[in-house]
Structure formats: C-alpha cells, structure tokens
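# Summary of structural features
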Amino acid sequence: MASTSAPDLMDKIVSLCKRRGFIFQSSEIYGGLASTWDYGPIGVLLKNNVKQAWWRSVVQERDDMVGLDAAILMHPETWKASGHLDTFHDPLVDCKSCKQRFRADHLIEAIAKAHQKGESTAKLVRKGAESFPAELVERLAKGSIEELLKDPEAVRWALGHMVCPNCGSTELTEPRNFNLMFKTFMGPVEDSAAVVYLRPETAQGIFVNFKNAQTATRRKPPFGIAQIGKSFRNEITPGNFTFRTREFEQMEIEYFCPPAEANQWFESWVAARWKWYTDLGMNPERLRKRGQGPDELAHYSKGCYDIEYEFPFGWSELEGIANRTDYDLKRHAEFSGKDLTHFDEETRESYVPYVIEPSAGADRATLAFLVDSYAEEVDDKGETRVVLRLHPSLAPIKVAILPLSKKPELKGPAKALHEALRRRWFVEYDETGSIGKRYRRQDEIGTPYCVTIDFDSLNDHAVTVRERDSMTQVRLPIAELLPYLESKLTPQAPTLSPSVFQQPVAQAH
Ligand code: GAP
C-alpha cells in the first residue's frame, strides 16, 4: 500500500470523484457555486446505495419502524415551536475593511487554540495584545475551549482584541446573530405574511406527523419514524468537500418511547447505528463514539453521542444520537393546540413520549465510505493501482462485462450477457482499451467483479470472473455465473425451508 499524506489523500479523492463521475462542482460551466456539489452518474448510484442500506436496516428489517417523506416547506409556526427561529443562529462579525464575514466563535477558538499549543497569536490579535490575560490562560488550562467560549469575560476580551484573519484590519463589527435558515416567499406576494423557510432538518416533518403515522399504522410507543430528505442551512463556513454544505441530505429517525424506557433505547440505537457503519465495511479504528459534555448539549437534550470518523481533515461528526426527551412533542402540542399525548390502554395512563433521535448525514456517510475504501497499491513493476474497496452492497456498479476483443464473435455474447445481468444489478459493458486498463477503471469505481469473455468461451461456454480486492480469477461455466455472483453480491439473500413452520415466536427486531 502506497502511503499518502492526509491533505494529499483528500485532493486525490476529490480528483477521483470528478474524473470518474462521482461528484462534480455544481454549475461548473458558470464557474461553480461555492460549496455546492452535484452527484454524477457513478456518485448518484453510490449515494442511493448508502440511503437504501440505511432504509433497509432501520425500516425494512425492523418491526418497530415506519417511513415518511414530508415536504421541505412547512408551516412557519413549525420553526417557532422547534426553536429554530429564535436560536438557530451563528454569531457573525464583519470586517469593515475587506467586507469578509467570520464566525466570532471560530475566531475566538483560533486564539484559544493557539494559546493552548503555545503558538504565536500575532496574526489573530492586535499588536501589543499578544497573550490572553493571565486568568483566562489559567481558565483555559483547567477547562475546555467550549467552556471558554461560554465565558462572557473571555468573549469580551477576544472581541475587543481580535483582527480580521483575512486582511488584518482591526475594524470589525460587533457580533450579530445570523439565522441559518434559508428564507423564501410562498405565492406571488413577497411580504412578511408569505415567508416560508427551507427546512434546516428533516426531524420536524416527523414530529408534526407523529399522530398521523401512529394512527394510520396502529402503532404504540415504542416505535419510530424514519425519513431521508434534503435539508438546507446557510452555513457560514461550509467546506471540506461535501462534508459541510448548505444543501445536504439527512437520514433521520425519531424514536418515540415511554419516558422510563428512554435510556435503554438510547443505548440500543447507539449500538445499532455503530453496527450499521461497521457492517458496511467501515474500519472501526477510524470510527469513534464521543459523548457530548454537559456544556455542549442542547438545553432539551438529556444525552447525546456523536459517531465520528477520522477524515483526512480530522475527526468529524457523521451522526448524532440524542435523547431529546418530550421537548419537541410538547412544544408542537403547545404551538398547534393539538393533543400529542399517548394514552396507554394497558396502564390507563397518558404521557408525552420521549424521543431518541439518531440523525445522520447521507452526504457525510457517502464521503466517509469513499475515504475509507480508497486504497493505493504498488505492484512489483512499480505501477500503482487505485482501488475503492467498497462493500458490495454500496458499490455503484456490481459487475463489468469485458470482452477480450471488439470482434463481433465476442461482442455478441458479451452484449447478451450484459443485457441479461443488468436486469438484476447495475452492470457496465466496456470494450475499449487494454484489458488491464479496463480492470483499473473498474477498480477505481469499486466494481467488485469483472467478467471477461475470450475466444475459448465460444468453445467451452465458460467465462472468467476477476475479483476486485484479491485480483484472483476463476473460470466458471456460464450456467454457474449468476448463482456465483448472487452468492457474492447478496450473501444476505434469504433461503426458505419447511423449518419456518417449526419456529417459535421471534423477538421483535
Ligand atoms: N435533527 C437533528 C440534527 O439535524 P445535526 O447534528 O444538526 O442534528 C445531523 O445534523 C446530521 O446531519 C449531522 O451529523 C451531519 O451528518 C448532517 N449535517 C448537518 N449539517 C450538515 C451540513 N451543513 N452539511 C452536510 N451534512 C450536514
């Protein structure tokens, strides 16, 4: 395996994504739109597979979950009830000189980090104010940067002394709160009565449908609702490719349970979500769970674990799993005037369910699977092979059909094979270039199996199957090809036998 430094690795992945059709810059022919990305012909297959794998594990294969696809535009009262109108904002400062905008907390954090590491803060603060006052240094040594950011004294000092990191000007405005929700108008009149927001999370579409989904599917807590969909946030500092963008896709679950069971369901979801990533081949050494400290928790939250991945740009959040208590349902009940309590027929008691929320990003998961599967190998001739070792269920193309020659004798059967297999999976046909080059092209997009047809195939009716990771080859009679691929690509495929009639009642999920 060739070694690649972290920034290089990210550059290589971005370049592979463009070259092979995973991800393009949005509106590229117009110069692009900052931090906005389009999934190309291969990328859309990968991201769809990520979303399908999630949906399968949290809806299809569980007894206690149902799905939903709510609208992006919601009644504006939703955002009052959820707290997004009042609290979903970042503190921003403007540089009066170069007109750039910065997050005040990020500037303060940069100063504090430099202090912690003993680095110079000369470029971050005014001349003559190069160090924190002694008591702040002491406080920083004892506590975390997060605590310091909540300390009014530290914030006041930093705001009074920091300079624009872009042009060095000392002319910065006071921090102002900037709401991260995108605003637009519904209908032809652009006045305040017509304001609607692009949802900043899919979660609220689930909360407002709690009663509808429960009644329609005759459920009672514990049960959950899952949803995949676009969310929008006017992020001030998007970046790291598709990691933080202004338009992104979330995969969210709101799991409604009796309050007394909340802790148990919280633990169970943390374990289930961790297993999902590792079952799909993610390296557990690059994954970690991080419990949020009390100062990081939202005021309504009783606990939160982040599942983080070690990207080339550092450990970063893939998913948060939170115990949101009964906060959201109570707020929506209050603002809508509708009763969102649950009446338990057995205990004859009413309660507002607690909610456990595993909230993941489809784009972040896709990026993590790309990074995690990327490998470079140098062969004995010194040539480098780039291969995406994607789990078969995530691989965009499952099989490639490669005739050894373009001659009609081979092309005819190869096309017929392609025609047949693509009814089962996404299968590519490629006849251009040397066989070595064609294998490399498939390795780069993570295709698990290549099937070659050669002149011997015309006589022995057999084909050669080459496996991506080991590069080993097996020769198979054509009649055995489909069962062979089926067993490799869908090992979880069910088998049925009369023993089903002897099974005791299975435990739920
Ligand atoms: N309903 C809870 C919620 O939205 P969040 O931590 O703000 O929580 C959940 O977002 C997940 O959505 C994150 O863990 C991340 O995977 C994804 N996400 C959030 N903001 C994002 C952004 N700007 N770009 C890409 N993904 C984002």
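That block above? That's the structure.
### Overview of the overall build of the protein chain
If you tally the helices and strands in the protein chain, you get 17 helices and 23 strands. If one aligns the C-alpha atoms of the protein chain with their principal axes, the spans along those axes are about 85 × 65 × 55 Å. Counting across all 509 residues of the protein chain, residues that qualify as buried make up 47%. Relative to all contacts within the protein chain whose residues are 6 or more apart in sequence, the contacts with residues 24 or more apart total 66%. Taken as a whole, the protein chain presents about 25800 Å² of accessible surface, with 52% of it coming from carbon and sulfur. Across the protein chain, 65 positive and 73 negative side-chain charges occur, with their mean positions spaced 4 Å apart.

### Concerning the site of the ligand
The ligand sits among 20 residues. The nearest are Glu201, Arg233, Thr245, Glu252 and Glu317. The contact in question runs from an oxygen atom of the ligand to an N or O atom on the side chain of glutamate 317, over 2.5 Å. When the ligand is considered free in solution it has 550 Å² of accessible area, and contact with the protein chains removes 88% of it. Going through the elements one at a time, β10 (247-257), β13 (314-325) and β16 (354-361) are the ones with two or more residues in the shell around the ligand. Here the shell around the ligand takes five residues from β13, the largest share from any one element. Classifying every residue of the shell around the ligand by side-chain character gives five nonpolar, five polar and ten charged.

### Topic: the environment of arginine 466
By the element assignment, arginine 466 lies in strand β22 (residues 462-467). Residues arginine 466 and aspartate 86 lie 380 residues apart in sequence; the distance between their C-alpha atoms is 57 Å. Excluding anything up to four places from it in sequence, arginine 466 contacts Arg385, Tyr439, Arg440, Asp443, Pro448, Tyr449, Cys450, Met471, Thr472 and Gln473. Only 2.8 Å separates the side chain of arginine 466 from the side chain of aspartate 443, close enough to count as a polar contact.

### Points about helix α13 (residues 362-373)
Under the 1.5 Å per step criterion, the end-to-end length of α13 is 16 Å for twelve residues, consistent within 8% with the ideal 16 Å. In terms of residue burial, α13 counts as a mostly covered element, since twelve of its twelve residues are buried. Taken together, the buried positions of α13 are occupied by Ala362, Asp363, Arg364, Ala365, Thr366, Leu367, Ala368, Phe369, Leu370, Val371, Asp372 and Ser373.

### Looking at the packing of aromatic side chains
Scanning the model with the defined rule gives 17 aromatic pairs in all. Centre to centre, the rings of phenylalanine 210 and phenylalanine 223 are 6.1 Å apart; their planes meet at 20 degrees, and the pair counts as stacked. On the criterion of sequence distance, the pair formed by phenylalanine 210 in helix α10 (residues 210-216) and phenylalanine 223 in strand β9 (residues 223-232) is long-range, its members being 13 residues apart. The two residues phenylalanine 210 and phenylalanine 223 agree in class, both being buried. Sitting over the ring of tyrosine 429, lysine 415 keeps its end group 4.4 Å from the ring centre. Sitting above the plane of the tyrosine 439 ring, arginine 466 keeps its charged end 4.3 Å from the centroid.

### Quick word on the layout of surface pockets
Considered as a void within the structure, the second largest pocket measures approximately 1000 Å³ in volume. Among the elements of the structure, α2 (41-60), α11 (262-279) and α17 (478-489) are those that each provide at least two residues to the lining of the second largest pocket. Per-element tally for the lining of the second largest pocket: the top contributor is α2, with nine residues. Grouping the amino acids of the lining of the second largest pocket by side-chain chemistry returns 16 nonpolar, eleven polar and nine charged.

### Concerning the sheet that holds strand β4 (residues 89-94)
Spatially, β5-β4-β6 is the arrangement adopted by the three strands of the open sheet, whose pairing is antiparallel. Edge positions in the sheet fall to β5 (101-103) and β6 (176-179), since each has one partner strand and no second. Averaged over all pairs of adjacent strands, the angle between their axes in this sheet comes to 50 degrees, without regard to strand direction. Judged from the four bridges that link them, β4 and β6 form a sheet pairing that is antiparallel. Bridging across to β6, proline 91 finds its partner in asparagine 177. Across the face of the sheet, helix α5 (residues 104-117) comes into contact with β4 and β5 while running at roughly 65 degrees to β5.

### Some remarks on the side chain of lysine 51
Relative to the elements of secondary structure, lysine 51 occurs in helix α2. Residue lysine 51 is classed as buried on the basis of its relative accessible area, which comes to 15%.

### Considerations on unusual backbone geometry
Here proline 221 and proline 222 are connected by a cis peptide whose omega angle stands at 5 degrees. Residue placement: proline 222 occurs in the loop between α10 and β9. In this model, asparagine 240 sits at a positive phi of 55 degrees, which is unusual for a non-glycine residue. Its location among the elements puts asparagine 240 in the loop between β9 and β10. Given the relative accessible area of 41%, asparagine 240 is considered partly exposed.

### Regarding the pattern of salt bridges
Using the criterion set out here, one finds 38 salt bridges in the structure. Note that lysine 47 is salt-bridged to aspartate 363, the shortest N-O span being 3.1 Å. One end of the pair, lysine 47, is in helix α2; the other, aspartate 363, is in helix α13, with 316 residues separating them in the sequence. Arginine 56 is the partner of glutamate 61 in a salt bridge, and the nearest nitrogen-oxygen pair spans 3.0 Å. Accessibility expressed as a relative area gives 48% for glutamate 61, which makes it partly exposed. Salt bridges linked by common partners bring Glu377, Arg385, Arg389, Arg440, Asp443, Arg466, Arg468 and Asp469 together as one network.

What counts, and where the lines are drawn
- Residues numbered from 1 in each chain as written.
- Predicted model: local features only at pLDDT ≥ 70, side-chain atom pairs only at ≥ 80, totals over all residues.
- Heavy atoms only, no water.
- Helix = DSSP H or I, 4+ residues; strand = E, 2+ residues; numbered from the N terminus.
- Buried < 20%, exposed > 50% of the residue type's maximum accessible area, 1.4 Å probe, protein only.
- Contact = heavy atoms within 4.5 Å.
- Areas by Shrake-Rupley, 256 points an atom, 1.4 Å probe, with all protein chains shown as cover.
- Lys, Arg positive; Asp, Glu negative; His and termini not counted.
- Charge placed at Lys NZ, Arg CZ, Asp CG, Glu CD.
- Near = heavy atom within 4 Å.
- Polar contact = N/O pair within 3.5 Å; in protein donor to acceptor, adjacent residues only side chain to side chain.
- Nonpolar A, V, L, I, M, F, W, Y, C, P; charged D, E, K, R; others polar.
- Expected span 1.5 Å × (residues − 1).
- Phe/Tyr/Trp six-rings, centres within 6.5 Å; stacked < 30°, edge-to-face > 60°.
- Lys NZ or Arg CZ within 6 Å of the ring centre and 35° of its normal.
- 1 Å grid on protein atoms, 1.4 Å probe; cavity = no way out; pocket = protein on both sides within 12 Å on 5 of 7 lines; lining within 4 Å.
- Points joined across faces, edges and corners; volume = space filled by probe spheres on them.
- Pairing = 2+ DSSP bridges.
- Axes fitted to C-alpha atoms, helices over the stretch in contact; angles between N-to-C directions.
- Salt bridge = Lys/Arg side-chain N within 4 Å of Asp/Glu carboxyl O.

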